Amino acid sequence: MRTIASALVLTLTCCLTSMAAQALELAKYPKVFSGPQGIELVLAPSADGKQALLRVSGINHPIDQVVFLTESQPQGRSREVYTLQLDGRSHALLHRQASAYSDAEHFAAYLPGQRDGVPLAFQADKSKDFKAGELLTRYEQQRKQGLQDKLARFDRPKRQESYRAELAQMDKEASAACGTTVQTSVEWAAINDETMQTLSISSFCGEVAAQMERLCQNTPAFKATAASLGQVQCQFGPQLKLRVENQRIVFTTEKDAPNQGDFVHQFLRNQ
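Throughout what follows, the structure given in this document is the object of discussion. Note that the structure is a prediction, hence the values are computed from the model and not measured.

Here's the deal with the state of the cysteines
In protein structure, a disulfide is the covalent linkage between the sulfur atoms of two cysteines.
Here is step 1: Within this structure, the stated rule accounts for two disulfides.
Here is step 2: Covalently, C205 is tied to C234 through a disulfide, its sulfur atoms 2.1 Å apart. The S-S bond linking C205 to C234 shows a torsion near -70°; that makes this disulfide left-handed. Placement of the pair is C205 in helix 7 (residues 201–205) and C234 in strand 10 (residues 231–236), with a sequence separation of 29 residues.

Put into structure tokens, the structure is as follows:
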């Protein structure tokens, strides 16, 4: 039911976005920014400043060259983000931060799959020559092809594979630190779509491997314990729990539980 409801919400959102684009009046002057390694971002705000067309180029990602209709969302007096639907959830692709001491503004792109923002530099000459109307035409062409809708939909297999890869890397680092195999498995089928979309599963379920790596680095004597507790089973539940069962750590994580790292660290130290 949640999957169906999510699909209906997404469909309604896409329809409303399409209607908004058709009635969109763009401001006279778009802005062109450049970033490292050939990244370029074009921002064409609406006349009322509530929306903007946004395009990123020069990145190895499916959003490259796709024009999105984004929503401008103020965050306090000096911060503004431009959001779009991506892989089933809202993504703040562009951040604007005003300086508290001058009229300067700082822009950064938060690209999918990257934790840190990419600093952007305003390009006055390119901005002056850029035709905002051409960007709107391109948006409509891509919308009719369904490009934005496809990128907006939640792709569970893709998201799950991404989490698997992140967990595998955390296990690899813990294994290297402890001199033994650390392997985390997850009850994927028991995790609903809402949880998959809103939480970083690898961050939650990788906490045991992360704390094992930390202990092995700081307390060499723990390596002997790690050798017998390298198998980790992770699941989500109503309460944070840890137990050892047949030389395997069973970790029940909970999205709102505080200080999970400290809880896991203390449990491992007492084994």
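With respect to the packing of helix 8 (residues 207–218) against helix 10 (residues 260–269)
Here is step 1: Taken N-terminus to C-terminus, the directions of helix 8 and helix 10 make an angle of 55°; their axes are 9 Å apart at the nearest point. Viewed along their axes, helix 8 and helix 10 adopt a mutual orientation that is oblique. The element helix 8 and its partner helix 10 pack so that their crossing is right-handed. In this structure, helix 8 contributes E207, V208, Q211, M212, R214 and L215 to the contact, and helix 10 contributes Q260, G261, V264, H265, L268 and R269.
Here is step 2: When its residues are assigned to classes, the contact of helix 8 with helix 10 shows five nonpolar, four polar and three charged.

Some thoughts on the side chain of S175
Here is step 1: Mapped onto the elements, S175 comes out in helix 5 (residues 156–178).
Here is step 2: Setting aside its immediate chain neighbours within four residues, S175 contacts T180, T181 and V182.

Looking at the nonpolar core
Here is step 1: In this structure, V186, W188, I201, V208, M212 and L268 are the most contacted members of the largest nonpolar core, which totals 32 residues.
Here is step 2: Listed by contribution, the elements that provide at least two residues to this core are helix 5, helix 7, helix 8, helix 9 (222–228), strand 10, strand 12 (248–253) and helix 10.
Here is step 3: Non-local contacts of L268, meaning those with residues more than four positions away in its chain, are made with V208, Q211, M212, L215, F222 and I249.
Here is step 4: In terms of nonpolar packing, the next biggest core, distinct from the first, is built from 22 residues, I39, L93, A109 and L111 among them.

Some points on the sheet that holds strand 1 (residues 31–34)
Here is step 1: On the basis of which strands lie adjacent, the closed barrel formed by eight strands has the order 1-2-3-4-5-6-7-8 and antiparallel pairing. Each adjacent strand pair in this sheet contributes to an overall mean axis angle of 35°, direction not counted.
Here is step 2: As paired elements, strand 2 (residues 40–45) and strand 3 (residues 51–57) share six bridges and run antiparallel to each other. Of the residues in strand 3, the one forming a bridge with L41 is V56.

Here is what the cut-offs are and how they apply
Residues numbered from 1 in each chain as written. Predicted model: local features only at pLDDT ≥ 70, side-chain atom pairs only at ≥ 80, totals over all residues. Heavy atoms only, no water. Disulfide = S-S within 2.5 Å. Helix = DSSP H or I, 4+ residues; strand = E, 2+ residues; numbered from the N terminus. Axes fitted to C-alpha atoms, helices over the stretch in contact; angles between N-to-C directions. Parallel < 35°, antiparallel > 145°, perpendicular 65-115°, else oblique. Left-handed = near helix turned anticlockwise from the far one by under 90°. Contact = heavy atoms within 4.5 Å. Nonpolar A, V, L, I, M, F, W, Y, C, P; charged D, E, K, R; others polar. Core = buried A, V, L, I, M, F, W, Y, C linked by side-chain atoms within 4.5 Å. Buried < 20%, exposed > 50% of the residue type's maximum accessible area, 1.4 Å probe, protein only. Pairing = 2+ DSSP bridges.

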